[in-house]
Amino acid sequence: MKQMRQTTLQTLGLGSVLDIFQNGKLPVNESELVDKVFGAAGSRGSLVISGGNGIVGSGKAMQLGARLHQYNVPIVTIDLPDAPDGIGQHYPGLKASFGAKQANEIMASIIKLNYDGANLPTELGMFKPRFLLEAIPEILSLKKSHYDMMWKSFPEVEIRSVTSGFPNSELGVGVLHPSFPHQINKIWEVVEKEPSDITKLFWALGLIPVPVGDYWSFILDVLFCGITLAAIRFHRASNMPFWKIDKFVRRLVGPNPIRAHDAIGPGASFLTWSCLHHLAEMYGELFRPIPELVRRKESGENWYSSNRPTVDWELNDEEAFKSWMWGPLFQMTSLMLLENRAPLAHMNAIGELCAQFTNGILATIRGFGADKVINRVEAYHKLHPEASKTCWYPEVFQQMDSPEWQQLYVNAEHDGKVGVVTISRESLNWDVINELDRAVDWLKAEGISRVILTGDFHLSTQMVGADTTEFFPALEDENAGFNVASSWARTARRFHDEFDVSVGFINGKRCLGGMMELMMHCHYIVSLDNAQLGMPEVTLPVVPGMEGCHWALRKADPADYPRMIELLLTGKFTRATNATGWLIDYAAPMEDALQKVWQIVTGGDNGLPLRKVNAAAITVPKDVSGLPPASVPAIEAGRKAIMDCIQASCGVPLSQALEIQAKHSAGFMVTKACQNGQIGSNAKKIMDV
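Because the structure is a prediction, the values reported are computed rather than measured.

(A) Structural detail: the nonpolar core. Counting 174 residues, the largest nonpolar core has Phe397, Met516 and Leu583 as its most contacted members. Within the second largest apolar cluster, 60 residues are counted, among which are Ala61, Trp188, Ile198 and Phe202.

(B) Just the pattern of salt bridges, in detail. Throughout the structure, instances matching the rule amount to 30 salt bridges. Salt-bridge contacts for glutamate 105 lead to lysine 101; the nearest nitrogen and oxygen are separated by 2.7 Å. Of this pair, glutamate 105 and lysine 101 both sit in helix 4 (residues 91–108), 4 residues apart, which is roughly one turn of the helix. Between arginine 494 and aspartate 441 there is a salt bridge, with the nearest N and O atoms lying 2.6 Å from each other. Separated by 53 residues along the polypeptide, arginine 494 in helix 19 (residues 478–497) and aspartate 441 in helix 18 (residues 430–445) bring together distant segments of the chain. Given the relative accessible area of 14%, arginine 494 is considered buried. We classify aspartate 441 as partly exposed; its relative accessible area is 39%.

(C) Focus on the packing of helix 18 against helix 19. Closest axis-to-axis distance for the helix 18/helix 19 pair is 10 Å, and the angle between their directions is 30 degrees. The orientation of helix 18 relative to helix 19 falls into the category roughly parallel. Where helix 18 crosses over helix 19, the handedness of that crossing is left-handed. Of the residues in helix 19, those touching helix 18 at Trp430, Ile433, Leu436, Asp437, Val440 and Asp441 are Asn483, Val484, Ser487, Trp488, Thr491, Arg494 and Phe495. In the contact of helix 18 with helix 19, the residues fall into 7 nonpolar, 3 polar and 3 charged.

(D) Just the sheet that holds strand 11 (residues 418–423), in detail. Strands sit in the order 1-10-11-13-15-17-20 across an open sheet of 7 strands; the sheet is mixed. What marks the edges here is a single partner per strand, and that holds for strand 1 (2–3) and strand 20 (586–588). Here strand 17 (residues 524–528) pairs with strand 20 via 3 bridges, running parallel. The residue of strand 20 that forms the bridge with leucine 528 is alanine 588. Each of strand 11, strand 13 (450–455), strand 15 (501–506), strand 17 and strand 20 touches helix 23 (residues 590–601); the most contacted strand, strand 15, lies at about 170 degrees to it.

(E) Region of the structure containing the sheet that holds strand 19 (residues 574–575). Taken in spatial order, the 3 strands make up an open sheet running 16-18-19, and their pairing is mixed. Edge positions in the open sheet fall to strand 16 (510–512) and strand 19, since each of these has one partner strand only. As judged from the 2 bridges shared by strand 18 (residues 532–534) and strand 19, these two strands associate in the antiparallel manner. Across the sheet, the residue bridging to leucine 533 is threonine 574, located in strand 19. Helix 20 (residues 513–520) rests against strand 16 and strand 18 of the sheet, and its axis sits at about 90 degrees to strand 16.

(F) The arrangement of the domain arrangement of the protein chain in detail. Domain parsing of the protein chain yields domain 1 (39–211), domain 2 (220–303 + 317–404) and domain 3 (409–687). Look at where the C-alpha atoms of domain 1 and domain 3 centre, and you get two points 40 Å apart. Between domain 1 and domain 3, the contact holds 5 residues from the first and 5 residues from the second. Broken down residue by residue, the surface that domain 1 buries against domain 3 is led by Lys186, Trp203 and Ile208, which jointly contribute 76%. Along the contact surface separating domain 1 from domain 3 lie 0 salt bridges.

(G) Summary view of the packing of helix 11 (residues 267–283) against helix 12 (residues 291–299). Orientation of helix 11 relative to helix 12, taken along the N-to-C sense of each, is 130 degrees, at an axis distance of 8 Å. Judged by the angle between their axes, helix 11 and helix 12 are oblique. As for how helix 11 packs across helix 12, the hand of that crossing is left-handed. Where helix 11 abuts helix 12, its residues Ser269, Phe270, Thr272, Trp273 and Leu276 lie against Leu293, Val294, Arg296 and Lys297. Of the residues in the contact of helix 11 with helix 12, the class split is 5 nonpolar, 2 polar and 2 charged.

(H) Expanded view of the side chain of arginine 341. Summarising the element assignment, arginine 341 is placed in the loop between helix 13 (318–339) and helix 14 (344–353). Arginine 341 sits in the buried class, given a relative accessible area of 3%. Looking at arginine 341, its side chain comes within polar contact range of the main-chain oxygen of tryptophan 216, at 3.2 Å. Among the polar contacts made by the side chain of arginine 341, one reaches the side chain of tyrosine 283 at a distance of 3.3 Å. Each residue touching arginine 341, except ones within four places of it in the same chain, is listed here: Val212, Gly213, Tyr215, Trp216, Ser217, Phe218, Ile219, Val222, Leu279, Tyr283, Met336 and Met347.

Cut-offs used in this document
- Here the residue numbering is sequential within each chain, running from 1 through the sequence in written order.
- Selection of residues for local features in this predicted model requires a pLDDT of at least 70, selection of side-chain atom pairs for listing and counting requires 80 or more, and totals for whole chains, interfaces and linings are taken over all residues.
- Calculation of side-chain values draws on the structure's entire complement of heavy atoms; hydrogens and water are dropped beforehand.
- Definition of nonpolar core: a set of buried residues of the types Ala, Val, Leu, Ile, Met, Phe, Trp, Tyr and Cys, connected through side-chain atoms within 4.5 Å.
- Here the term buried applies to any residue with accessible area under 20% of the maximum for its type, exposed to any over 50%, and partly exposed to those in between, with areas from a 1.4 Å probe on protein chains only.
- In the sections that follow, a salt bridge refers to a side-chain nitrogen of Lys or Arg positioned within 4 Å of a carboxyl oxygen of Asp or Glu.
- Put simply, DSSP H or I for four residues or longer makes a helix, DSSP E for two residues or longer makes a strand, and each gets a number counted from the N terminus.
- Between N-to-C directions, angles span 0 to 180 degrees; the directions come from axes that are lines fitted to C-alpha atoms, helices contributing only their stretch in contact.
- When describing relative orientation, an angle under 35 degrees is termed roughly parallel and one over 145 degrees roughly antiparallel, while 65 to 115 degrees is termed roughly perpendicular and anything else oblique.
- We call a crossing left-handed when the near helix sits turned anticlockwise from the far one by less than a right angle, and right-handed when that turn is clockwise.
- A contact between two residues is defined here by any heavy atoms of the two lying within 4.5 Å.
- Any residue outside Ala, Val, Leu, Ile, Met, Phe, Trp, Tyr, Cys, Pro, Asp, Glu, Lys and Arg is labelled polar, Gly included; the first ten of those are nonpolar and the last four are charged.
- One bridge is not enough; two strands pair if DSSP finds at least two bridges between them.
- All domain edges in this entry derive from an automatic or database-based domain assignment.
- Buried area is calculated as the accessible area (1.4 Å probe) missing from two parts once they are joined, with the contributions of both summed.
- Under the rule applied, a polar contact is a pair of N or O atoms within 3.5 Å (in protein, one hydrogen donor and one hydrogen acceptor; residues adjacent in sequence only if both atoms are side-chain atoms).

Written out as structure tokens, the structure reads:
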């Protein structure tokens, strides 16, 4: 087997994606791992969450309780008697997600015990603790004494800490550091010597464990605490209020870091201070907390004033602002790269999935190039000279030609006959498109003519379409919109034109919009039977730009044209089982679907007819009966634009359709209907500061 780079699954001890298709099953079994971690059915031990009433502990009690309920694993939370009832606050959300009956059953499986912090509850032994998730305050001595107390009573219990900053080498236990919001975010930074059954179980339960190195603080906290510190430093330098700084940070990087502290609660400032304090003790002034943060670590006061002034604040020197923001982030990243804190794909994904960066930090650095990154850090050092004295390693940016740097989102592997291309980002952007092109080039150079296109079974659990921030320039510049639509469509066509057999496999819970259009270009599409499929562009509204207005129609039987057009004009989702034969080719549970993909791509007897693309002009209906009325005028305008595109792109040969559809997509982007829709509103909110 050859790979462009190591798969992220391999860092979990789960093999490659190609292995999954060759074996026709996932690498581990959920129920078997539950038995390994908690004991056999009928004699299950418990998951104990200490600090279970806190923000982290209660959120994880909900998240893990919902997944382990079917296996009768008791969830036991322990906390101080005067701790607020964090668990009860989650019930409305649980009820909304699962319904009253199942929510009540999940809550019934959570046992709440009180203790004094020095002695374990006597009842705890009844529940046979097997796994302790520690979520108590960030005080090292307190954590260590807590572990000793647990091990004294339960010597075999496995312990993991949700700590935001202390390494395994200091704690003496493994780390499972979760991202906020804790009841729904699936990302966990994992520190352990070898992938454990606990980590593999988390993956099997649909969570996203991400192995990282054992260093003070973790990648999420370096990035998020780092951008928070940078924003506060800019306040000190400019006297701009925090709420206005957040707006500029959001436009440049993605998150509102200062507002996030108020949203999380009073303890957030302490956690940020703790991470930065320990980083500063280890690495120097680059990370040193400044007085505004030090004051709030104890007071817990909000950063945003309730009396926010209405007067606007201008950014007088945008280049200086960029140096204040990008400079420390690039410098901190140089440290993490030097230390090899994680595989580059992991490090990049954590910035997006956890810290809410619009683009991963490594993808951003790659886009700037080494020289511009180094110049930006040097400009920052002129503003903050103390930061130049430690932790600056510009030489790490001279390795961007490596596959690890070049393939942050898309990987490819093959066994000499069959290739697999995997996407680890849930939405398409220019980075993904460019990496897809490089992956196809690599497979072609390797002599591979049969390929599977799929998600990566790890960092991406769904395919939600295009990253709409990439459309912002197209709202004002029709050429920019045409470039996106035509370039992305040409990349998608490569899976149809340049391989003898291509199979798109939808392995997550949904595949929508641009991702669905990408999959359409494969010769066959196989999906999990419970996946939701759709083309929701009309709800934004935009006109599908990657040939969604004609490609699937050219593959469908004319009797199915109304169904495809209805999908485009309503934006409603359809289950994969209902889309077989006209949108996709096969839908089944995981193992059956995996085996079908392998049958198709290896040339076996798969029993599926090839739905060929009709390269001639085709005639499709100009309206669909029974279409529900549009809820707002923008959707009505979107429907008309999409129908115009359907007629124009279907009414010409395939060789002309790509350019025609791209023109229709770009032309609608600059209309008031699009500019006043969801994408236009988001652009104004983010870009018009």
